[in-house]
Amino acid sequence: MSILVYIRISKQIGAIIWFCIPMKESRRASIGLDKRERTRAKLIESAYRVFARKAADAVTIDDIIAEAAVARGTFYNYFQTREDVLKAVAGNLSDEINQKIWVQYAEISDPAERLAIAIRQFLHQAIRDSTWGWVIVRIGLVAAPLSETMERGMMTDLEAGIRLNRFQVDSLQAASDLVLGTGLMAIHSILEGRAEPDYPEQIAKIILKTLGVNDADAHAIAFKFLEPLHS
């Protein structure tokens with residue numbers, strides 16, 4: 001009788017141990033993953049501050065390490081080159097605003113209106129936050145388009161515009177370069193104080209007209225009420 005009881009208890013204990021061990025290992029893995037994400041975010045935030053102060057070509061890995069106050073080995077656990085962290089910063093900045101923009105035009109089917117909203121919101125963001133604007137300008141030419149999400153969204157709208165005869169262009173790449181190049185130069189003009197209050201709307205109108213939208217339609221779209229992005 002006592003042996004049977006002992007066996008049953010042993011089996012129960014074994015079952016408890018079997019379930020507990022994976023839970024502890026899972027928790028340790030989760031804690032380790034959270035720590036890695038925090039460290040990576042710290043490096044990206046530190047790089048953002050450095051890029052805000054210095055031109056992209058002048059920034060070194062040592063600058064980022066010093067700003068983040070981490071060991072050199074820690075940096076290389078996450079990034080191999082200066083360009084890797086530069087692209088991570090660019091991706092974070094553009095993806096954050098892209099998500100907010102997507103919410104605004106998710107129900108809009110007109111690719112011209114969608115493109116105009118994105119252009120205007122990026123330019124108005126530079127007006128609101130000059131630090132953000134300078135970082136975008138300084139790394140934009142090195143990491144353009146700023147992120148895969150941004151490129152995918154822009155290309156989708158351009159392709160739809162061409163397919164629907166909304167845009168009259170012969171080259172998708174040329175259209176992409178037009179939007180990105182004009183956008184970056186427009187942000188630079190804003191930061192240099194050379195832009196009027198309705199400059200984002202003027203830029204959106206010019207881009208739409210260059211893509212083949214008629215003047216009246218381009219004006220109506222570019223100057224349509226734009227809801228501010230929520231922080």
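Residues numbered from 1 in each chain as written. Predicted model: local features only at pLDDT ≥ 70, side-chain atom pairs only at ≥ 80, totals over all residues. Heavy atoms only, no water.

(A) The overall build of the chain, seen in detail. For the chain, the helix and strand inventory stands at 10 helices and 0 strands. From first element to last, N terminus to C terminus, the chain shows the α and β order α-α-α-α-α-α-α-α-α-α. Evaluated residue by residue, the chain yields a buried proportion of 40% over its 231 residues. Of the contacts made within the chain by residues no fewer than 6 positions apart, 68% connect residues no fewer than 24 positions apart. (Helix = DSSP H or I, 4+ residues; strand = E, 2+ residues; numbered from the N terminus. Buried < 20%, exposed > 50% of the residue type's maximum accessible area, 1.4 Å probe, protein only. Contact = heavy atoms within 4.5 Å.)

(B) Local environment of the packing of helix 6 (residues 130-140) against helix 8 (residues 172-191). Axis separation between helix 6 and helix 8 bottoms out at 9 Å; the angle between their running directions is 140°. Between helix 6 and helix 8, the angle falls in the class oblique. Judged by the twist between their axes, the crossing of helix 6 over helix 8 is left-handed. Side by side, helix 6 and helix 8 meet where Ser130, Trp132, Gly133, Trp134, Ile136, Val137 and Gly140 of the first sit next to Leu184, Ile187, His188 and Leu191 of the second. Across the contact of helix 6 with helix 8, the residue classes break down as 7 nonpolar, 4 polar and no charged. (Axes fitted to C-alpha atoms, helices over the stretch in contact; angles between N-to-C directions. Parallel < 35°, antiparallel > 145°, perpendicular 65-115°, else oblique. Left-handed = near helix turned anticlockwise from the far one by under 90°. Nonpolar A, V, L, I, M, F, W, Y, C, P; charged D, E, K, R; others polar.)

(C) How the structure looks around the packing of aromatic side chains. If you walk through the whole model with that rule in mind, you get 3 aromatic pairs. Grouping aromatic residues by their ring pairs yields a cluster made of Phe75, Tyr76 and Phe79. The ring of Tyr105 has Arg114 lying over it, and the distance from NZ or CZ to the ring centre is 4.1 Å. (Phe/Tyr/Trp six-rings, centres within 6.5 Å; stacked < 30°, edge-to-face > 60°. Lys NZ or Arg CZ within 6 Å of the ring centre and 35° of its normal.)

(D) View of the nonpolar core. With 66 residues, the main nonpolar core has Phe51, Val89 and Trp132 as its most contacted residues. When neighbours within four sequence positions are excluded, Phe51 is seen to be in contact with Ala56, Val59, Leu86, Val89, Val135, Arg138 and Ile139. (Core = buried A, V, L, I, M, F, W, Y, C linked by side-chain atoms within 4.5 Å.)

(E) Up close: the confidence of the model for the chain. Confidence along the chain averages 86 in pLDDT terms, with 84% of residues attaining 70 or more. Contacts for the low-pLDDT stretch residues 1-11, under 50 throughout, to residues beyond four places or in other chains number 0 contacts. In this model residues 15-21 is a low-confidence stretch, pLDDT under 50, and it forms 1 contact with partners more than four residues away in sequence or in other chains. (pLDDT = per-residue confidence, 0-100.)

(F) Up close: the side chain of Ser94. By the secondary structure assignment, Ser94 is in helix 4 (residues 82-105). A polar contact is formed between the side chain of Ser94 and the backbone oxygen of Gly91, at a distance of 3.3 Å. Those residues in contact with Ser94 that lie beyond four places of it in its chain are Phe122, Leu146, Ser147 and Met150. (Polar contact = N/O pair within 3.5 Å; in protein donor to acceptor, adjacent residues only side chain to side chain.)

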